Amino acid sequence: MLTYASPLLRVPVEILERIGLEVALLDPVGPPTDLVALLCSSKYVHHVLSFNNSKDLYAKIFRGMFDFDALRRRYGRRPLRTRFLAAQLKTYCTTLQRLRRGDIFAPDVEDVLRTAFVLITENDGKNRVQLEWANTYAFVNNFVRQRLWQHTINGWPMDTPLNSLSLWVMWGMTDMNVLAHETPDERNDLITLVLPYAVMSFKYSSYFAPDDHYALPLPEEWEHHDLVSLQTAHGDYPIYPARGDTVAEVTHFGRVIRFRTPPITTAAKLIYFSRREIIPLVIPQTLPPDRPTALAQGITWGQTQEDIREVNSHAGAQFVPASHWEWKSTLTPEQRVIEEEGVCRRDLLAPSAAWDNDWERFTACWDPWADSDLKGVVYTFGSMDGLWQGRLLIPEHSGYLALVTSAEYPEHFGETSPFMSTWPLFMRLKEHHCISPQHPVPVGGPEDDEFDDGVRNAWFPAVDLAERGNRATLTYRVDGEQLKSEHETYVEGRRNSHNEATCRICLRRVEEEERTRRIEANAPPRHADYESDFAAAGLGRVSDSDDDEDTYESTCSGIQDIIFTGETDANHGMAWGRFTFLGRVRPWDGLLALVRVPADPNQRGRARWVFRGYLQYGKVLVGSWRGMTMDAASIPWEGPFVASKRA
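It should be emphasised that the depicted structure is a prediction, and the values quoted were computed from it without experimental measurement. Within every chain, residues take consecutive numbers counted from 1 along the sequence as written. Local features in this predicted model are restricted to residues of pLDDT 70 or higher, and side-chain atom pairs are both shown and tallied only at a pLDDT of 80 or more, whereas totals for entire chains, interfaces and linings draw on every residue. Just so you know, side-chain values use all the structure's heavy atoms and leave hydrogens and water out.

K.L.:
Explain the overall build of the protein chain to me, and be specific about the residues and the numbers.
P.N.:
Assigned secondary structure in the protein chain consists of 22 helices and 17 strands. Only C-alpha atoms enter the radius of gyration, while the globule expectation follows 2.2 Å times N to the 0.38, with N the number of residues. In terms of C-alpha radius of gyration, the protein chain reaches 28 Å, essentially the compact-globule figure of 26 Å for 647 residues. The principal-axis extent of the C-alpha atoms belonging to the protein chain is close to 105 × 70 × 50 Å. Counting all 647 residues of the protein chain, 50% fall into the buried class. Contacts: residue pairs with any heavy atoms within 4.5 Å of one another. Contacts in the protein chain between residues at least 24 apart in sequence constitute 71% of all its contacts with a sequence separation of at least 6. Per-residue accessibility takes into account occlusion by the displayed protein chains alone, with areas from the Shrake-Rupley method and a 1.4 Å probe. When the accessible surface of the protein chain is totalled, it reaches about 30700 Å², and 53% of it is carbon and sulfur. For this count, His and the chain ends are skipped, Lys and Arg are scored as positive, and Asp and Glu as negative. To locate a charge, take NZ of a lysine, CZ of an arginine, CG of an aspartate or CD of a glutamate. Of note, the protein chain has its 69 positive side-chain charges centred 4 Å away from the centre of its 89 negative side-chain charges. Strands here are runs of E lasting at least two residues and helices are runs of H or I lasting at least four, both read from the DSSP assignment and numbered beginning at the N terminus. For each residue, the accessible area found with a 1.4 Å probe, counting protein chains only, is set against the maximum for its type, and the residue is called buried under 20%, exposed over 50%, and partly exposed in between.

What follows is the structure, encoded as structure tokens:
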């Protein structure tokens, strides 16, 4: 019998790889199953195009299927090496298959959901399409409804990384189409499932470190048990994470990262408010139609029909940016260069860039006793400047505090027990920066309590505020001496007064660089110092080492402290109450604290509250408000809130 060699044996490897790429990306959505048929065509093709022998092919397939600009910004070019992209292709495709299979009881479901959440934070259009192909929302919807309360303690659902990831992936895949197709019963059932996480602030942790602290990381000598001020029926208070708690070591594009699952409470609040905001507030026809009519009738305070329509027109719980597959096609060449240069900037258009601050929290704020030299920006300056609108949930005071002493889940717990009301939130904020060599305002709190940094006053000591022009001046006392701190008002597009010649941060960096140069100048020669000589002799080598150091480069802005001032606009004040705001950013993780004070001290029914929360994916401020207590260690009356920027 005559045998004939396959003509494929005469095809150059480069051409075969090109054919494999075209076949794999004929339909780029879902794992490249069409490539399997090509691999089965002959032993030779299978050998040439196998994963071990053709990493370059699989790296190109990754680039055609998934987004990767976020990697460049967060870790530089190292993760984009061929072998890392190829390996990540296997990880992501396996995750998509597991999600599409729908097995919510699989033993590795936590890893699957963590990878899905990472895909959401890296999404610039392609990742979202892949997750939709995998029926990701259906997967987490089933999980939440069947397993979120599978294991309880005294009837309450547990705060675990698995539960948290399920709610975060659910929220990350939620859009208006999802809400529109939920039945009222499905919506109410979901609200019942997430309500404990959203409301029970003394039971479930909302922050990467308790809000009592501004100065972080904590001193090593502060032991975990020393920081707990109360033992409630629900456990320790404040809630400090145990070292390693909720932290997973994950290999991500060849780099082992410590990933801390974000607080379950934040996702629960977003899910809760999104389901309530979709139902418009009822507009009583007995109200004046608008403000001019109300004033003409002598009504100077209270809502009009127009005010309630304004509340209904804006959702505080804004969805995660989704984008589309070919989003870069709408960019100019100049914009495309900026998006792909791998630098974190405030003017980036990539949806994944909105997650960059959050990503730094997930991967660098996993231990309140530690900090990372490579941690990037956890709050992008200028983000809070403008008009913010959202909603509060206000549980009845005594009913809420009664839950503190009751370990068992109440039979009738819900929005009516304790009774909970909702109220709009409006605030127009200005952002101000303390620029070196100015000295920032010291941390607040009582002198005799080193564990209390003054969260009840947004981490400020007693201060007098004066705003004139583009300056905010804070006056305070230290050891009886009156001091002032100047803050420059942030204006979009205007440079601040930073000067490298006077900035203490820049001068300190120059000193450190000079010290390093002196040390290196006296060091013995290394092999690398002769690499150019070897290369000239034809003996050079290409470095592709896994041991390359991770680096984080940044430019100095001179900003040492970020504070906020604000008030309610006149029309919002007449409808919902007039307030002033003073706040601050915690540098360690970007937690914001805003103290809200009635503009009129005699205004009845309005109290001094402190709002604490994180800006999520650059769009939504999510957290809890708290009432006043005698000291920071006491459990306050609290409730959740969300707000997003209108203008």
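K.L.:
Could you give me a rundown of the packing of aromatic side chains, with the residues and numbers involved?
P.N.:
Stacked, edge-to-face and tilted are the three classes for Phe, Tyr and Trp ring pairs, Trp counted by its six-membered ring, which pair at centre distances within 6.5 Å; planes under 30 degrees apart are stacked, over 60 edge-to-face, the rest tilted. If you walk through the whole model with that rule in mind, you get 33 aromatic pairs. Measuring from ring centre to ring centre gives 5.2 Å for Trp355 and Tyr617, while their planes differ by 40 degrees; the resulting arrangement is tilted. Pair noted here: Trp355 is in the loop between α17 (333-340) and α18 (356-364) and Tyr617 is in the loop between β15 (609-616) and β16 (620-626), with a separation of 262 residues, a long-range link. Here the two residues Trp355 and Tyr617 agree in accessibility, since each one is buried. For a Lys NZ or an Arg CZ to count as sitting over a ring, it must be within 6 Å of the ring centre and within 35 degrees of the ring normal. The ring of Phe68 has Arg63 lying over it, and the distance from NZ or CZ to the ring centre is 4.9 Å.

K.L.:
So what's going on with empty space enclosed by the protein? Residues and values would help.
P.N.:
Buriedness of a pocket was judged along seven lines, with at least five required to meet protein on both sides within 12 Å; pockets are open sets of points on a 1 Å grid over the protein atoms alone, cavities are sets where a 1.4 Å probe fits but cannot get out, and lining residues have an atom within 4 Å of a point. Grid points are joined across faces, edges and corners, and a volume is the space filled by probe spheres set on the points. All chains considered together, the criterion is met by 4 cavities of 30 Å³ or more. Roughly 170 Å³ of internal volume is contained in the largest cavity. Along its surface, the largest cavity is lined by 15 residues, and Ser201, Tyr207, Asp211, Tyr237 and Ile239 are the ones closest to its centre. As a volume, the second largest cavity reaches approximately 50 Å³.

K.L.:
Could you give an account of the side chain of Asp124, with specific residues and numbers?
P.N.:
Take Asp124: it is sitting in the loop between α7 (109-121) and α8 (126-133). Contacts described as polar in this section are N or O atom pairs within 3.5 Å, which, within protein, must combine one atom able to donate a hydrogen with one able to accept it, while residues neighboring in sequence count only if both atoms come from side chains. Within polar-contact distance, the side chain of Asp124 engages the backbone nitrogen of Ser352 at 2.8 Å. Ignoring any residue separated from it by four or fewer positions in sequence, one finds Asp124 in contact with Asp67, Asp69, Ala70, Ser323, His324, Trp327, Ala350, Pro351 and Ser352.

K.L.:
If you had to explain the state of the cysteines to someone new, which residues and values would you point to?
P.N.:
Disulfides are defined as cysteine sulfur pairs within 2.5 Å. All told, the structure shown has 0 disulfides when counted by the stated rule. For the unlinked cysteine Cys93, the closest cysteine sulfur is that of Cys40, found at 17 Å.

K.L.:
Describe the pattern of salt bridges, naming the residues involved and giving the relevant values.
P.N.:
When a carboxyl oxygen of Asp or Glu is within 4 Å of a side-chain nitrogen of Lys or Arg, the pair counts as a salt bridge. According to the stated counting rule, one finds 30 salt bridges in the structure shown. A salt bridge links Lys328 to Glu340; its shortest N-O distance comes to 2.8 Å. Linking Lys328 in the loop between α16 (305-312) and α17 with Glu340 in helix α17, this pair joins segments that are 12 residues apart in sequence. For Arg345, the salt bridge is made with Asp347, and the minimal N-O distance between the two is 2.9 Å. Given the relative accessible area of 36%, Arg345 is considered partly exposed. Assessed through its relative accessible area of 43%, Asp347 is described here as partly exposed.

K.L.:
Residues and numbers for the layout of surface pockets, please.
P.N.:
By volume, the second largest pocket is sized at about 660 Å³. Lining the second largest pocket are 33 residues, and of these Asp159, Lys203, Tyr204, Ser205 and Ile239 sit closest to its centre. Where the lining of the second largest pocket is concerned, the elements lending two or more residues are β2 (156-157), α10 (161-172) and β4 (235-237). For this classification, the nonpolar set comprises Ala, Val, Leu, Ile, Met, Phe, Trp, Tyr, Cys and Pro, the charged set comprises Asp, Glu, Lys and Arg, and every other residue, Gly included, is treated as polar. Taken together, the residues of the lining of the second largest pocket sort by class into 18 nonpolar, 10 polar and 5 charged.

K.L.:
Before we move on, can you summarise α7 with the specific residues and values?
P.N.:
If you check α7, its first and last C-alpha atoms are 19 Å apart, about what 13 residues at 1.5 Å a residue would give, namely 18 Å. Among the 13 residues that make up α7, 11 are buried, leaving the element largely enclosed by the rest of the structure. Within α7, the full set of buried residues consists of Val109, Val112, Leu113, Arg114, Thr115, Ala116, Phe117, Val118, Leu119, Ile120 and Thr121. Multiply 1.5 Å by the residue count of a helix minus one, and that product is the helix's expected span.

K.L.:
Would you mind going over unusual backbone geometry in detail, with residue names and values included?
P.N.:
Keep in mind that most residues, glycine aside, have a negative phi and that most peptide bonds are trans. In this structure, the amide linkage connecting Leu216 to the following residue, Pro217, adopts the cis form with an omega of 5 degrees. By the secondary structure assignment, Pro217 is in the loop between α12 (184-199) and α13 (224-227). Along the chain, Tyr237 connects to Pro238 via a cis peptide bond; the corresponding omega equals -5 degrees. With respect to the helices and strands, Pro238 occurs in the loop between β4 and β5 (247-252). Although it is not a glycine, Asn135 adopts a positive phi angle of roughly 55 degrees. Assignment of secondary structure puts Asn135 in the loop between α8 and α9 (136-147). With phi around 55 degrees, Ala458 is a residue other than glycine that occupies positive phi space. By the secondary structure assignment, Ala458 is in the loop between β8 (420-435) and β9 (464-468).

K.L.:
Outline the packing of helix α6 (residues 82-101) against α7, supporting the account with residue identities and numerical values.
P.N.:
Contact geometry of α6 with α7 gives a least axis separation of 10 Å together with a crossing angle of 115 degrees. Comparing the axis directions of α6 and α7 gives the class roughly perpendicular. For the pair α6 and α7, the sense of crossing is left-handed. Seen from α6, the contacting residues are Thr91, Tyr92, Thr95, Arg98 and Leu99; seen from α7, they are Val112, Thr115, Ala116, Val118 and Leu119. Helix axes use the C-alpha atoms of the stretch in contact, all axes being lines fitted to C-alpha atoms, and the angles between their N-to-C directions lie in the range 0 to 180 degrees. We call two directions roughly parallel when the angle between them is under 35 degrees, roughly antiparallel when it is over 145, roughly perpendicular when it lies between 65 and 115, and oblique otherwise. The hand of a helix crossing depends on one turn: near helix anticlockwise from the far one by less than a right angle means left-handed, and clockwise means right-handed.

K.L.:
Go over the side chain of Asp367 with me, naming the residues and quoting the values.
P.N.:
Looking at where Asp367 falls in the secondary structure, it is placed in the loop between α18 and β7 (386-395). Looking at Asp367, its side chain comes within polar contact range of the main-chain nitrogen of Trp369, at 3.0 Å.

K.L.:
Just give me the short version of the confidence of the model for the protein chain, but keep the residues and values in it.
P.N.:
When pLDDT is averaged along the protein chain, the result is 91; 93% of the residues meet or exceed 70. The predictor attaches a confidence to each residue, and that confidence, scored 0 to 100, is pLDDT. Within the model, pLDDT remains below 50 along residues 537-547, and this stretch shows 15 contacts once partners closer than five positions in the same chain are excluded.

K.L.:
Let's hear about the pairing of strand β12 (residues 559-567): which residues, and what values?
P.N.:
Judged by how many residues are buried, β12 sits mostly within the fold: 7 of 9 residues are covered. Should DSSP find at least two bridges between two strands, the strands are regarded as paired. Taken together, the 8 bridges between β8 and β12 define a ladder with antiparallel strand orientation. Bridging across to β12, Ile435 finds its partner in Ile559. By the bridge criterion, 5 bridges tie β12 to strand β13 (residues 579-585) in an arrangement that is antiparallel. Across the sheet, Thr565 pairs through a bridge with Leu582, a residue of β13.

K.L.:
Outline the packing of helix α4 (residues 55-65) against α6, supporting the account with residue identities and numerical values.
P.N.:
Running from N to C, α4 and α6 point in directions that differ by 60 degrees, and their axes come no closer than 8 Å. When the axis of α4 is compared with that of α6, the two are oblique. Both α4 and α6 take part in a crossing whose hand is left-handed. For the pair α4 and α6, contact is made by Lys55, Asp56, Tyr58, Ala59, Ile61, Phe62, Arg63 and Met65 and by Thr82, Leu85, Ala86, Gln88, Leu89, Tyr92 and Cys93, respectively.

K.L.:
I'd love a proper account of a negative patch on the surface, names of residues and values included.
P.N.:
Residues form patches when they are more than 30% accessible in relative terms and have no salt bridge. Like charges link within 9 Å. Nonpolar side chains (Val, Leu, Ile, Met, Phe, Trp, Tyr) link within 5 Å. Taken together, Glu447, Asp448, Asp479 and Glu481 make up a surface patch of like negative charges. Residue placement: Glu481 occurs in strand β11 (residues 481-489). Under the relative-accessibility criterion, Glu481 is labelled partly exposed at 48%.

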